[in-house]
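As a plain string of letters, each chain reads:
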Amino acid sequence: MAQSNERGFTDNAYFRFSILVITTYFFFSGLYYIQGIISPILFAGILAMLVLPVCNKLEEKKLSRGISIVICLLLIILVVSSIIYLFTSQLIELSDDFPYIKKRALEKYVEINKFIEQETRIPVSKQNSMLKEGVQKFLSGAGDTFKELLMSLSSGFGNFLLVLIYIFFFLLLRDRIKNFILMLFKPEMHAQVNLIINKIKKLSIHYLSGLLIEMIIYGVISSIGFLILGVKQAIFFGFLGGVLNLIPYLGALIGAALPFIVAFIYEDSFIYPLGVIGVVLIVQFIDNNFVTPKIVAGYIRINALASIIVIFIGGAIWGVDGMVLFLPLLGIVKIICDNVPALKPYGYLVGEDDEEASGGFGTRLKDWIQSKLKKNR
């Protein structure tokens, strides 16, 4: 009787839901506190799978595994250092114009004050006092923010070195790691496990290479648009927008705000800042409807709701690292769910069908153009 009562209690839906909520809470709390440990490992694991084909090709050329891995690490360092050099050189060049920027910003501030006074009847003195109060509040926390920024930059450099070390050992011990995973399962399941591993490997390679291609396309189109407008440091802001676009949703806003401010300060006409917004909107349209569905999202069949939720969860737990990492991690979890019968409903919940993936306006526009061309032949 006691055992039946105990079994009935554990089978209770409210009890199981409570256990699920508690487990989820402690799981995400644990992720929050171990970010410094897990985040570099995850970045290293995904980057290791990205350079794995290069490493395999080098080994096929009769190079030793160690030398092949070192060459791959040097390629990563070369790419990262080139990006850093590009941005720092452009920032130094932009800082040379700081006295002029300061002068123009003060002129624009006076113009805005006069405009607000004409439209709202708020005197300039009151506007200045309100602005002074806001600036003081901002500066009160600016010191701590600056310290946090310096700490994050220094920790980021340290984490990069740690990621390189992890990548080296992941590539060096990849056979042992794969055999360890296979040893966790029965021999009759090895074929299924190998299939899942290969799918995860392909997803990581295609996703990261797709992000790189997307970043380049975004930067090139934005730079061309800003050059046509005559925006100062057009190439820098174009590719900065491409890099920031890797941060979903928020990155595009930041990437648009910076060239908007520069155009507003440098140019007398308001047409130029509006032109910057127009360029960003056009590039976003091309990216969201043509580039991302074909290059990036085509390999991660995650629906929009699941993508937004996991991005905000990642941002809340790990900040920018979480916003970048959690989407491909959800794609990996989906692959596992799709290949495990008991977990297939969860894979279906977060996934999308081919019809849903190709339902963007850009795809419909492309199909309409293709149908018209066929009729004219």
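You'll find the structure just up there.
The text that follows walks through the structure, step by step, so that each part is easy to find. Note that the structure is predicted; figures quoted are calculated from it, not measured. (Residues numbered from 1 in each chain as written. Predicted model: local features only at pLDDT ≥ 70, side-chain atom pairs only at ≥ 80, totals over all residues. Heavy atoms only, no water.)

A separate point is the side chain of aspartate 287. Along the chain, aspartate 287 turns up in helix H11 (residues 271–296). Here aspartate 287 falls in the buried class, since its relative accessible area comes to 4%. Within the structure, aspartate 287 has its side chain in polar contact with the side chain of asparagine 245 (distance 3.3 Å). (Helix = DSSP H or I, 4+ residues; strand = E, 2+ residues; numbered from the N terminus. Buried < 20%, exposed > 50% of the residue type's maximum accessible area, 1.4 Å probe, protein only. Polar contact = N/O pair within 3.5 Å; in protein donor to acceptor, adjacent residues only side chain to side chain.)

Running from amino to carboxyl end, helix H3 (residues 35–60) crosses helix H8 (residues 190–229) at an angle of 90°, the nearest separation of the two axes being 8 Å. Judged on the interaxial angle alone, H8 and H3 are roughly perpendicular. Note on element contacts: H8 touches H3 through Ile200, Lys201, Ser204, Ile205, Leu208 and Ser209, opposite Ile46, Leu47, Met49, Leu50, Leu52 and Pro53. Of the residues belonging to the contact of H3 with H8, the class tally is nine nonpolar, two polar and one charged. (Axes fitted to C-alpha atoms, helices over the stretch in contact; angles between N-to-C directions. Parallel < 35°, antiparallel > 145°, perpendicular 65-115°, else oblique. Contact = heavy atoms within 4.5 Å. Nonpolar A, V, L, I, M, F, W, Y, C, P; charged D, E, K, R; others polar.)

Counted according to the given criterion, the structure contains nine aromatic pairs. Between tyrosine 32 and tyrosine 33, the ring centres sit 5.1 Å apart and the planes meet at 85°, which makes this aromatic pair edge-to-face. With relative accessibility at 47%, the residue tyrosine 32 sits in the partly exposed group. Seen in terms of ring centroids, phenylalanine 260 and phenylalanine 270 are 6.3 Å apart; in terms of plane orientation they differ by 90°. Their pairing is edge-to-face. Here phenylalanine 270 lies in the loop between helix H10 (250–266) and H11 and phenylalanine 260 lies in helix H10, a separation of 10 residues in the sequence. By relative accessible area, phenylalanine 260 is classed as partly exposed at 24%. An aromatic cluster of at least three residues, connected via ring pairs, comprises Phe260, Phe264 and Phe270. (Phe/Tyr/Trp six-rings, centres within 6.5 Å; stacked < 30°, edge-to-face > 60°.)

Counted at 1.5 Å a residue, the expected span for helix H4 (residues 65–95) with its 31 residues is 45 Å, and the 45 Å between its end C-alpha atoms agrees. Restricting attention to buried positions, one finds in H4 the residues Ser68, Ile69, Cys72, Leu73, Ile76, Phe87, Gln90 and Leu94. (Expected span 1.5 Å × (residues − 1).)

A word on unusual backbone geometry. Even without being a glycine, lysine 62 presents a positive backbone phi close to 75°. Among the structural elements, lysine 62 can be located in the loop between H3 and H4. Positioned with a positive phi, glutamine 233 is a non-glycine residue whose angle comes to about 55°. Of note, glutamine 233 is situated in the loop between H8 and helix H9 (234–244). On the basis of relative accessible area, glutamine 233 is assigned to the buried category, the value being 10%.

Right, let's talk about the packing of H3 against H4 for a bit. Axis separation between H3 and H4 bottoms out at 9 Å; the angle between their running directions is 140°. When the interaxial angle is binned, H3 and H4 end up oblique. In this structure, the crossing between H3 and H4 has a hand that is right-handed. Across the interface between the two elements, Val51, Val54, Cys55, Leu58 and Glu59 of H3 pack against Arg65, Ser68, Ile69, Ile71, Cys72, Leu75 and Ile76 of H4. Residues of the contact of H3 with H4, tallied by class, amount to nine nonpolar, one polar and two charged. (Left-handed = near helix turned anticlockwise from the far one by under 90°.)

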